[in-house]
Amino acid sequence: MFAQVPQPLHFAEALLERFTALSLLRTPSALCSGLVQACAELSDATLSQLYLLDATQTRLSLCAQWHQGQMQLPDSVSLPSDYSDMHLLQYCLCQNRPLLMSNLDANLHSTAFLPDSDQSWRNLMCLPLTDGQQHVRGLLVTASRHQRELDHMDEALQMLGNFAVAQLQLLGRPAAPSLPALAVADITPPSREHFGLIGESAEMKQVYSLISKVLHNPVAVLITGETGTGKELVARAIHEYGLRRSKSFIALNCAAMPENLLESELFGYRKGAFSGADRDHKGLFDAADGGTLFLDEIGDMPLLLQAKLLRVLQEGELRPLGSNDTHKVDVRVVTATHHHLREQVQAGLFREDLFYRLTHFPIHLPPLRERGEDILLLAREFVESACCFLQREPCRWSDAALEQLASYEFPGNVRELKGLIARALLLCDGNLLLAEHFNLPGTAPNEAQLSLRERMERVERNLLIDCLRKNQGNQTSAASELGLPRRTLLYRMQRLNICPAELKASRGKNNASAH
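How each quantity is defined
Once a new chain begins, its residue numbering starts again from 1 and follows that chain's sequence as written. Local features in this predicted model are restricted to residues whose pLDDT is 70 or higher, and side-chain atom pairs enter the listing and the counts only when it is 80 or higher, whereas totals over whole chains, interfaces and linings include all residues. Heavy atoms from the whole structure form the basis of all side-chain values; hydrogens and water molecules are not counted. Here a helix means four or more residues in a row that DSSP labels H or I, a strand means two or more in a row labelled E, and each is numbered from the N terminus. Only protein chains enter the accessibility calculation, which uses a 1.4 Å probe; a residue whose area is less than 20% of its type maximum is buried, one above 50% is exposed, and one in between is partly exposed. By definition in these notes, contact holds between two residues if any of their heavy atoms fall within 4.5 Å. The accessible surface values rely on the Shrake-Rupley method and a 1.4 Å probe; as for residues, cover is taken only from the protein chains in view. Strand pairing is assigned whenever DSSP detects at least two bridges linking the two strands. Interaxial angles span 0 to 180 degrees and are taken between N-to-C directions of axes, which are lines fitted to C-alpha atoms, for helices over the stretch in contact. Buried Ala, Val, Leu, Ile, Met, Phe, Trp, Tyr and Cys residues that are joined via side-chain atoms within 4.5 Å together make up what is termed a nonpolar core.

Time to look at the overall build of the protein. Each helix and strand counted, the protein has 17 helices and 18 strands in total. Buried residues in the protein amount to 49% of all 515 residues. Restricting the contact set of the protein to residue pairs at least 6 apart, pairs at least 24 apart contribute 68%. Total accessible area on the protein is roughly 25,500 Å²; 50% of this is exposed by carbon and sulfur atoms.

What follows deals with the environment of A237. Locating A237 in the fold gives a position in helix 6 (residues 231–240). Taking the C-alpha atoms as reference points, A237 and F195, 42 residues apart in sequence, are found 5.6 Å from one another. Not counting residues within four places of it along the chain, the set of residues in contact with A237 comprises F195, L215 and G242.

Turning next to the side chain of Q158. Within the secondary structure, Q158 is located in helix 4 (residues 154–171). Relative accessible area serves as the criterion here: at 18%, Q158 is assigned to the buried category. For Q158, the contacting residues outside a window of four places in its chain are P98, L127, P128 and L129.

This part covers the pairing of strand 6 (residues 123–130). By the criterion of burial, strand 6 is predominantly enclosed, with eight of the eight residues buried. Burial along strand 6 is two-sided: N123, M125, L127 and L129 facing one way and L124, C126, P128 and T130 facing the other are all buried. Strand direction decides the pairing type here: strand 5 (residues 99–101) and strand 6, joined by three bridges, are antiparallel. Residue L100 lies in a different strand from strand 6, and its bridge partner there is M125. Sheet analysis places strand 6 next to strand 7 (residues 136–144), joined by eight bridges and oriented antiparallel. Bridged to N123 within strand 7 is S144. With antiparallel pairing between neighbouring strands as the criterion, strand 6 and strand 7 make up a hairpin whose turn holds five residues, including Q134 at a positive phi of roughly 65°.

Taken in spatial order, the five strands make up an open sheet running 11-12-15-10-16, and their pairing is parallel. What marks the edges here is a single partner per strand, and that holds for strand 11 (249–253) and strand 16 (361–364). Averaged over all pairs of adjacent strands, the angle between strand axes in this sheet comes to 20°, irrespective of strand direction. Of the pairings in the sheet, the one linking strand 12 (residues 292–296) to strand 15 (residues 332–337) comprises four bridges and is parallel in character. Note that in strand 15 the partner of L295 across the bridge is T335. On top of the sheet, helix 5 (residues 202–214) reaches strand 10 (221–224), strand 15 and strand 16; it is set at about 150° to strand 16, its chief contact.

So, on to the nonpolar core. One broad trend across soluble globular proteins is that nonpolar side chains are buried collectively. Of all hydrophobic cores here, the largest spans 29 residues; its most connected members are L266, F285, L293, L295 and I298. The dominant element in this core, judged by the number of residues it contributes, is helix 9 (residues 303–315), at five residues. What F285 contacts, discounting residues up to four positions off in sequence, is L266, F267, L293, L309, V312, L318, V329, V331 and V333. By size, the runner-up hydrophobic cluster in this structure holds 28 residues, among which are L31, L42, A64 and L140.

Judged by how many residues are buried, strand 2 (residues 60–67) sits mostly within the fold: eight of eight residues are covered. Bridge count for strand 1 (residues 47–53) against strand 2 is seven bridges, and the pairing is antiparallel. Paired with L50 across the strands is A64, a residue of strand 2. Pairing geometry for strand 2 and strand 3 (residues 70–72), over three bridges, is antiparallel. In the sheet register, H67 faces strand 3, and the bridge partner there is Q70.

Residues other than glycine seldom take positive phi values, yet Q68 does so here, at roughly 55°. Along the polypeptide, Q68 turns up in the loop between strand 2 and strand 3. Relative accessible area serves as the criterion here: at 51%, Q68 is assigned to the exposed category. Here the phi dihedral of F410 falls at roughly 50°; this positive angle occurs in a residue that is not glycine. Look at F410 and you get buried, because its relative accessible area is 0%.

Spelled out as structure tokens, the structure:
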């Protein structure tokens, strides 16, 4: 497609030639292919990839790849919107920052999005591509098997990529590729963690699906659910994985402040607006300008403030207390409540016009009692995190403790579970969590009622489960560590009702080194 650049040709002249060549391309596929070839040749890279967000801004797809001097067309390889286990791509996309790594270490960073190779990938450049409104539309990736400095070319390649994005928008976005298959590493992410949330139940998977629909779409989101279900965590996920992630996220509980203080806190005030106002004060709307303002317990906001909030949502402008002037703000407002707002509207406690303004896209969080399979998953995660925080040895679980938690209704939902875990760890003198450490209402330890055989089976079951978890569910490795034939281990697992599906690898840790 492009002639090789002669060695004496200056880099700026070569770059200008690529701009000109790209401007002459008239199809999205040719433009994508031309971009990756140009970037590979300009940077002398072994590999160049172009990833683009889809029309809903929720999935990132590999649209073109230049590898070892030839074009390779992907077969609809895509990453879901949480980009789980793709920490380098996630960092670049979510932080909207270039990522330059001159000494890439595959032992520290997951590089599953790069093709398999006998030689290690030694350097990586990942550049976010934006449109005219500075919204991230995709990623441009180059990689090589030799170390080299990258600082001198990232800005030029990013400009070239942004130009290609603008051309793509003029030509129309490319559809998901349906071209010959490409030998790309399997990038199917683990499903244990989504948007920083924990849960594998069908109810939570529905929540994840809804979150992915609004990450890059500025619709009004109302999060409903009982107290303690994690409404603020969902609001943070919408912010941190969306287009406003580089700006502020500010949360306010509307039920925690009296009306006069709430108004000044939200909208700000000018000096002399009231007694004690000795200086100008910016409100939370101004502090969240460009970012997200999360209003928790919106159902408890006084009616007079509801009217003022409605105007800000409709007009995008506010007037601080004591001021005659209005000014524009660009804030995404996400709200939450445990009330049934429609009933409050009927009772005259909530404005009907504001109700319809806030409920364009409701997300309901299920109570913990309806997420049965998530209870033990959350409990183990909380224990692991707390042990790490307290710098103590990891704790094991007794069967009685797990059974007690699994059968409890949790009226306080996830918040109650987290508190129970913290208390149990303080009561646990060893490294085995027992039922009596939780002492849940309506339950009682029944260890004394068990026969000797039942007690021994519980000990054996705990031992097998701990060993299987330690080996990430690998039965062959666990059998070897226990000194048992694999067939014997399988027999004992069946006799003790140990389900292999529950013994998958523990939830992968986010690699903080990319952050």
